[in-house]
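Analysis of the macromolecular model
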Amino acid sequence: MKVNGYKIRPRANLRGANLGKANLTGASLSGASLSGAHLSGADLTGADLTGADLTGADLTGAYLTEANFSGANLSNAILFKACLSGVGPGTNFSGANLSGADLRGVNHLTGRWLVLAPKDRHPGVNLTKADLSGANLRFADLSGANLRFADLSGLNLENGHFIHADFSRANLSGANLVNTDFSGADLSGANLTGTKGFNLGIGMTNLSWVKADQKTVWPEWFDREVLGSNGVIFD
């Protein structure tokens, strides 16, 4: 299969390739090298990109519905306004590296259509320093994920699962945390000011064995003693 003069196949060398607005529906690109590739507006619906190298790739406005990125490297990739909507198994990022990725304005970035955690929940997706500000991750499972220094401000995490996830130094200010499970997560130095639903009531945020430190910024009405009695571990 050839697109724009490039051979589309597993383990293909497509570094810096210009595939903007290309039709790559169902393409088999497992293990392919797409670092620095231009894929803005491309249709990757149902494509197989398992283990592919997409470091620094431009996926602005790309269609990623039900694509499989498991184990792929998307560090510093641009997914601004990419579309992940769909039905069925959803877009799979389990075990992928999305460190430093720009995920602002991604359409339909909801947990129902997004697989971020493998079945054993370890290791989770790497979102270190990723920008997810204002995104919608309702029902997402980010258990075991690395979200150190990530910008999650204004993020909708309602009904999400973040068991043993690392949120250290992450910015969660203004996020919606209603009905979320943070049990065993690391919130050391995280900013939780202005979060919605972040309380200890039944059916609300689960903070069992959460790790925190002196630099964790809690909502202003939080009581440290109450947190401690609910299993929060302070270093």
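Re the overall build of the chain
Scanning the chain from terminus to terminus reveals 1 helix and 6 strands. Traced from its N-terminal end to its C-terminal end, the chain shows the element sequence β-β-β-β-β-α-β. For the chain, buried positions account for 50% of its 235 residues. Intrachain contacts of the chain at a sequence separation of at least 6 include 26% that bridge at least 24 residues.

Some thoughts on the packing of aromatic side chains
We describe a pair of aromatic rings using the distance from one ring centre to the other and the angle between the two ring planes. One pass over the structure, following the stated rule, counts 3 aromatic pairs. Here the aromatic rings of Phe162 and Phe167 are separated by 5.8 Å at their centres, their planes lie at 85°, and the arrangement is edge-to-face. Relative to Phe182, the ring of Phe167 has its centre 5.2 Å away and its plane inclined at 50°; by these criteria the two rings are tilted. In this pair, Phe167 is assigned in the loop between β4 (114–115) and β5 (211–212) and Phe182 in the loop between β4 and β5, connecting sequence segments 15 residues apart.

Examining the environment of His38
Of note, His38 is situated in the loop between β2 (6–7) and β3 (91–92). Residue classification places His38 among the partly exposed positions, given a relative accessible area of 40%. C-alpha of His38 to C-alpha of Leu59: the two residues are 21 residues apart in sequence and 7.0 Å apart in space.

Observations concerning unusual backbone geometry
Even without being a glycine, Glu66 presents a positive backbone phi close to 60°. Along the polypeptide, Glu66 turns up in the loop between β2 and β3. Exposure remark for Glu66: the relative accessible area of 30% places this residue in the partly exposed category. Even without a glycine there, the phi angle at His164 is positive, about 60°.

Here's the deal with the side chain of Asn159
By the element assignment, Asn159 lies in the loop between β4 and β5. A distance of 3.2 Å separates a polar atom in the side chain of Asn159 from a polar atom in the side chain of Asn179. Ignoring any residue separated from it by four or fewer positions in sequence, one finds Asn159 in contact with Arg138, Phe139, Val178, Asn179 and Thr180.

Thresholds applied
Residues numbered from 1 in each chain as written. Predicted model: local features only at pLDDT ≥ 70, side-chain atom pairs only at ≥ 80, totals over all residues. Heavy atoms only, no water. Helix = DSSP H or I, 4+ residues; strand = E, 2+ residues; numbered from the N terminus. Buried < 20%, exposed > 50% of the residue type's maximum accessible area, 1.4 Å probe, protein only. Contact = heavy atoms within 4.5 Å. Phe/Tyr/Trp six-rings, centres within 6.5 Å; stacked < 30°, edge-to-face > 60°. Polar contact = N/O pair within 3.5 Å; in protein donor to acceptor, adjacent residues only side chain to side chain.

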